Amino acid sequence: MHPVEFEIDATDGSARAGTATTARGTYTTPLFMPVGTRGAIKYLSAVDYERIGAQIVLGNTYHLMLRPGADVIERFGGLGRFAGWDGLTLTDSGGFQVFSLDPKVDDDGVTFKSTYDGSTHRFTPEIAVDVQQRIGADIAMVLDVCPPLPNPPEVIRLALDRTTAWAERARRADTRPDQALFGIVQGGISETMRAESARQIVDIGFDGYAIGGLSVGETREEMLPALTAALEHLPTDRPRYLMGVGDPASLVEAVALGVDQFDCVMQTRLGRHGTALTSTGRFQAKAARNADLEEPLDPGCPCEVCARHSRGYIRHLLQVGEPTASRLLSIHNVAWTIDLMARMRAAITAGTFAELRSSVLDVWG
Ligand SMILES: [Zn+2]
């Protein structure tokens, strides 16, 4: 018995519509998971997550272990209860964040400095599991080595080997039966190394499988073959998670290849900077031409912002620097993406995924 059971409800080509059952509840795929780095999606709270229809919200292990600390969150009964969120939660391992800080890496682990006070901290695969067990998300991730791209083959090779060795140690350290642990495939944009990493991680055996280290500087034309090479070696009966990818074209392409779940900060970051995702592409809400427009950001979007607010009003809020503008655009962008995933799920079920894919790529490709 895995802490996550995964059933495929429908397929269309390689695209899958699934239902995953965790110890605390179920989620349906394809799924977009918004990111609450430090315990909240920026400008939003758990009440918003419910209204938007989020199923899983991410937390960032690196930030949460430093502030407020895993022990504090544990005393509150875990990340979900701490944040007042009844839905599911997932924590990344902290590795991606740590490796972006240019840390000291050795075979045993990684030493890094806190961005809050400069204090020195040590991360090993065992510590990453322990911290995440105390933060208590429904899904935890192994500590991996995530090099930026491009990077020479020997750097990618070392990252791959350490990722496998660390995955074995994480698997042995995992003791929480009500928390799923996902392995992570590395290998840069090399199809050979992606396939090798996937075989090694699957041999260790995890509740689900993530593909990490993509969308870190490479083009989509480089990403998709590497992704394909990894997916070929992953079992069909486990969830597959493409980490840190959330632009509409990549979402629809990865779902077409058989990926089930995604996370990305793009939706909220764009929102804070005045950009809306719409069915006709990126929309700059601050443009002067919107000043008199009564239509919503996207007439086809089912979100609460589009049901209530005009382009003219949101443009005005941006113009005068009202924080509500960032909030409304963040809610819209996350809800719009969740709706895109729902449309993908419906299209897979109806056998019309190819049509939806080409219509999304016509706008976003
Ligand atoms: Zn909307």
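Coordinates for the structure precede this section.
Residues numbered from 1 in each chain as written. Predicted model: local features only at pLDDT ≥ 70, side-chain atom pairs only at ≥ 80, totals over all residues. Heavy atoms only, no water.

## A word on the state of the cysteines
- Evaluation of the coordinates by the stated rule reveals 0 disulfides.
- Counting only cysteine sulfurs, C146 is the nearest neighbor of C264, a cysteine outside any disulfide, at a range of 14 Å.
- The exposure class assigned to C264 is buried, which follows from its relative accessible area of 10%. (Disulfide = S-S within 2.5 Å. Buried < 20%, exposed > 50% of the residue type's maximum accessible area, 1.4 Å probe, protein only.)

## Quick look at unusual backbone geometry
- Cis rather than trans, the peptide bond between R67 and P68 has omega equal to 5 degrees.
- A positive phi angle, near 75 degrees, is found at Y43, a position not held by glycine.
- Note on Y43: relative accessible area 43%, which makes it partly exposed.
- Notably, S215 is not glycine yet its phi reads approximately 60 degrees, a positive angle.
- By the element assignment, S215 lies in the loop between β12 (208-211) and α9 (220-231).
- With a relative accessible area of 38%, S215 lands in the partly exposed category. (Helix = DSSP H or I, 4+ residues; strand = E, 2+ residues; numbered from the N terminus.)

## A few points about the sheet that holds strand β8 (residues 110-113)
- Taken together, the 3 strands give an open sheet; going across it, the order is β7-β8-β9, and neighbouring strands pair in antiparallel fashion. Both edges of this open sheet fall to β7 (104-105) and β9 (120-123), since each of them pairs with a single strand only.
- Direction of pairing for β8 relative to β9: antiparallel, over a ladder of 4 bridges. What sits directly across from V110, in β9, is F123. (Pairing = 2+ DSSP bridges.)

## What to know about the packing of aromatic side chains
- Using the criterion set out here, one finds 6 aromatic pairs in the structure.
- Their ring planes at 75 degrees and their centres at 5.4 Å tell us that Y49 and W85 sit as a pair that is edge-to-face. You can see Y49 sitting in helix α1 (residues 46-52) and its partner W85 sitting in the loop between α4 (79-82) and β6 (88-91), a full 36 residues away along the chain.
- Through successive ring pairs, a cluster of aromatic residues spans Y62, F112 and F123. (Phe/Tyr/Trp six-rings, centres within 6.5 Å; stacked < 30°, edge-to-face > 60°.)

## Notes on the coordination of the zinc ion
- Summarising the metal site, the zinc ion is bound by the protein donors C301 (SG), C303 (SG), C306 (SG) and H332 (ND1), whose distances to it range over 2.1 to 2.3 Å.
- Around the zinc ion, the 4 donor atoms sit at angles spanning 99 to 116 degrees, and that spread fits a shape best called tetrahedral. (Donors = N, O, S within 2.8 Å, 3.2 Å for Na, K, Ca; no water. Tetrahedral: all angles 85-135°; square planar, octahedral: opposite > 155°, others 65-115°.)

## Examining the pattern of salt bridges
- Going through the model one piece at a time under the given rule, you end up with 22 salt bridges.
- One salt bridge in this structure joins R345 and D9, with 3.0 Å as the shortest N-O distance. With a gap of 336 residues between them, R345 in helix α14 (residues 323-350) and D9 in strand β1 (residues 5-12) connect regions that are remote in the sequence.
- A relative accessible area of 21% means that R345 is categorised as partly exposed.
- Put simply, R122 and D108 hold a salt bridge, and the shortest N to O gap is 3.1 Å. (Salt bridge = Lys/Arg side-chain N within 4 Å of Asp/Glu carboxyl O.)

## Focus: the nonpolar core
- Residues M141, L227, Y241, L242, L297, M344 and F353 are the most contacted members of the largest nonpolar core, which totals 93 residues.
- Setting aside residues up to four positions removed in sequence, L227 forms contacts with I211, L214, L242, A254, L257 and V259.
- By size, the runner-up hydrophobic cluster in this structure holds 19 residues, among which are L64, V98, F99 and A128. (Core = buried A, V, L, I, M, F, W, Y, C linked by side-chain atoms within 4.5 Å. Contact = heavy atoms within 4.5 Å.)

## Some thoughts on the sheet that holds β1
- Strand order in the open sheet made by the 3 strands is β1-β2-β3, with antiparallel pairing throughout. Of all the strands in the sheet, just β1 and β3 (26-29) have a single pairing partner and so form its edges. Pairwise comparison of adjacent strand axes, ignoring direction, gives a mean angle of 15 degrees for this sheet.
- Bridge analysis of β1 against strand β2 (residues 15-21) gives 7 bridges, and the strand direction is antiparallel. Note that in β2 the partner of F6 across the bridge is A20.
- Sitting on the sheet, α14 is in contact with β1, β2 and β3, with an inclination near 115 degrees to β2. (Axes fitted to C-alpha atoms, helices over the stretch in contact; angles between N-to-C directions.)

## Description of the environment of F32
- Along the chain, F32 turns up in strand β4 (residues 31-34).
- With sequence-adjacent residues up to four places away left out, F32 is seen in contact with F262, D263, C264, Q267, V334, T337, I338 and M341.

## Notes on the packing of α9 against helix α10 (residues 248-257)
- Between α9 and α10, the least distance of the axes is 10 Å, while the angle of their chain directions is 25 degrees. By the criterion of interaxial angle, the relationship of α9 to α10 is roughly parallel. The handedness of the crossing between α9 and α10 is right-handed. Here R220, M223, L224, L227, T228 and L231 of α9 lie close against α10, whose contacting residues are A249, S250, E253, A254 and L257. (Parallel < 35°, antiparallel > 145°, perpendicular 65-115°, else oblique. Left-handed = near helix turned anticlockwise from the far one by under 90°.)

## Topic: helix α7 (residues 153-173)
- The end-to-end C-alpha distance of α7 is 30 Å, a good match for the 30 Å that 21 residues give at a rise of 1.5 Å each.
- Buried within α7 are the following residues: I156, A159, L160, R162, T163, T164, W166, A167, R169 and A170.
- Close packing links the buried residues of α7 with α5 (95-99), β7, α6 (125-135), β11 (180-185) and α8 (191-204). (Expected span 1.5 Å × (residues − 1).)

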